[in-house]
Amino acid sequence: MIGIRRITDFQRFTETVPKPKGSVPKYGLPGWKLMPLEHKIPMVPGPKAAYNFTRCKVGKKLWRPKLEFDLSDPYCRSTKFSYEPLHDEHLAHFFSRPNNLNYLLKVDLITSDMNVKCSLRDYNEYRKYLRQVHADYIKRELRKRDRLIVERMALNFAEKQARKEVKKLKEKEKVANERQRYNQEQLLQVELRNRKLKERARKTMKRFKLIKTIKQEERKLMNNKREKRTEQIRQKNKIAAEINRRKVISTLIDMRKADKARKKTKDKRLLNMNQKKQKDIEEKWKRKLQFQEKDIERRKMILQRIDNRRKKFIDSYNEKINRETAKMKRILDNAKLFTNCYMKRHLLDGRKLICCKKYCHKKKLIKK
């Protein structure tokens, strides 16, 4: 009961909006069909031909233009609109030829129903794109409801801002007058500082020129020493390269012999491992199918119980309210009769005008 999330009003509203085509997969596990577009489909290993991820048929567009002009993602980072030739409308006639279709089936790029296969990563990105399209439909309907509220808020906000701007303008006029006085004083100080800085700059330029001449002479001496060292190093490297070349040739011959022996052992191990993995994958796939089917049935039963409890509570609450309203009506009727009888008793010959059943019944008993 606690693990299952209850459906909110917003989720019910989104379900009324029609989803775009291809948002509900027709293959794979049953939990994928109930999964919302925000969630990614996980990587579940299964046997061959259990499911194939497809988005659309050959020669049909994947990416469609949006209903409104949108600049939320100008560089296409959230969804990459990559070009795919199998979904190009202009190449539909070319791929519809029988020779090309047979080749695509051999390469395993197309299903028998003319649907183009894709990877799980591409399929999840396509689901993200469909979520954006579905969100645009939802936004358009919400904007229709929120326009009246936004217009009222805008009018109130504009009136408040107008009052604030009047106050700000008055304060700005005062601040501007004070800034003019302050700027005039600073200009005089800046002129004095600039004169002092120009004198210092002349002195520093003379010093830099002397330092440059000294450094140039030192660099020439260092370059001559480096050239002598490089020649000595080149000769040593040539001798070392020949020795290394001979060692490398001998090691390569030994490595090739060892690699051939390793490949034979690896191939045998891989065959045994692949056979074991396929058996394990088939067993896990069957377990997940049974678990998810039972889980879906359990959730449906729980939701039905919650609805039944809610209906019983509402019926009992309505019966209680009807009882209390009937009691209140009786009390009001008795109060009205009491007030009428009380007023008539104090009038002349008012007791004859009394129509209260209780009073008349008491009078008869007294006479008897």
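This report concerns the structure included in the present document. (Residues numbered from 1 in each chain as written. Predicted model: local features only at pLDDT ≥ 70, side-chain atom pairs only at ≥ 80, totals over all residues. Heavy atoms only, no water.)

**Some thoughts on the overall build of the chain**
Then step 1. Counting secondary structure elements, the chain contains six helices and two strands.
Then step 2. Of the regular secondary structure in the chain, the N- to C-terminal order runs α-α-β-α-α-β-α-α. (Helix = DSSP H or I, 4+ residues; strand = E, 2+ residues; numbered from the N terminus.)

**A short note on a nonpolar patch on the surface**
Then step 1. Where nonpolar side chains cluster on the molecular surface, the patch consists of Phe313, Ile314, Tyr317 and Ile321 and spans about 410 Å² of accessible area.
Then step 2. By secondary structure assignment, the location of Phe313 is in helix α5 (residues 120-345). (Patch = residues over 30% accessible without salt bridge, like charges linked within 9 Å, V, L, I, M, F, W, Y side chains within 5 Å. Areas by Shrake-Rupley, 256 points an atom, 1.4 Å probe, with all protein chains shown as cover. Salt bridge = Lys/Arg side-chain N within 4 Å of Asp/Glu carboxyl O.)

**Quick look at the nonpolar core**
Then step 1. Tyr27, Leu29, Trp32, Ile41, Val44, Tyr51, Phe53, Cys118, Leu120, Tyr123 and Trp285 together form the largest nonpolar core, which totals 11 residues.
Then step 2. The element that contributes the greatest number of residues to this core is α5, accounting for three residues. (Core = buried A, V, L, I, M, F, W, Y, C linked by side-chain atoms within 4.5 Å. Buried < 20%, exposed > 50% of the residue type's maximum accessible area, 1.4 Å probe, protein only.)

**Section: unusual backbone geometry**
Then step 1. The backbone phi angle of Met114 is positive, close to 70 degrees, even though this residue is not glycine.
Then step 2. For Met114, the location among the structural elements is in the loop between α4 (98-107) and β2 (115-117).
Then step 3. Given the relative accessible area of 32%, Met114 is considered partly exposed.

**Notes on the side chain of Asn115**
Then step 1. With respect to the element layout, Asn115 can be found in strand β2.
Then step 2. Residue classification places Asn115 among the buried residues on the basis of a relative accessible area of 18%.
Then step 3. Ignoring any residue separated from it by four or fewer positions in sequence, one finds Asn115 in contact with Thr54, Cys56, Lys57, Leu109 and Ile110. (Contact = heavy atoms within 4.5 Å.)

**So, the pattern of salt bridges**
Then step 1. Scanning the entire structure with this criterion turns up two salt bridges.
Then step 2. When the shortest N-O distance is used, the salt bridge between Asp295 and Arg298 registers 3.0 Å. Here Asp295 pairs with Arg298, and both are found in helix α5, just three residues apart, close to one helical turn.
Then step 3. Assessed through its relative accessible area of 45%, Arg298 is described here as partly exposed.

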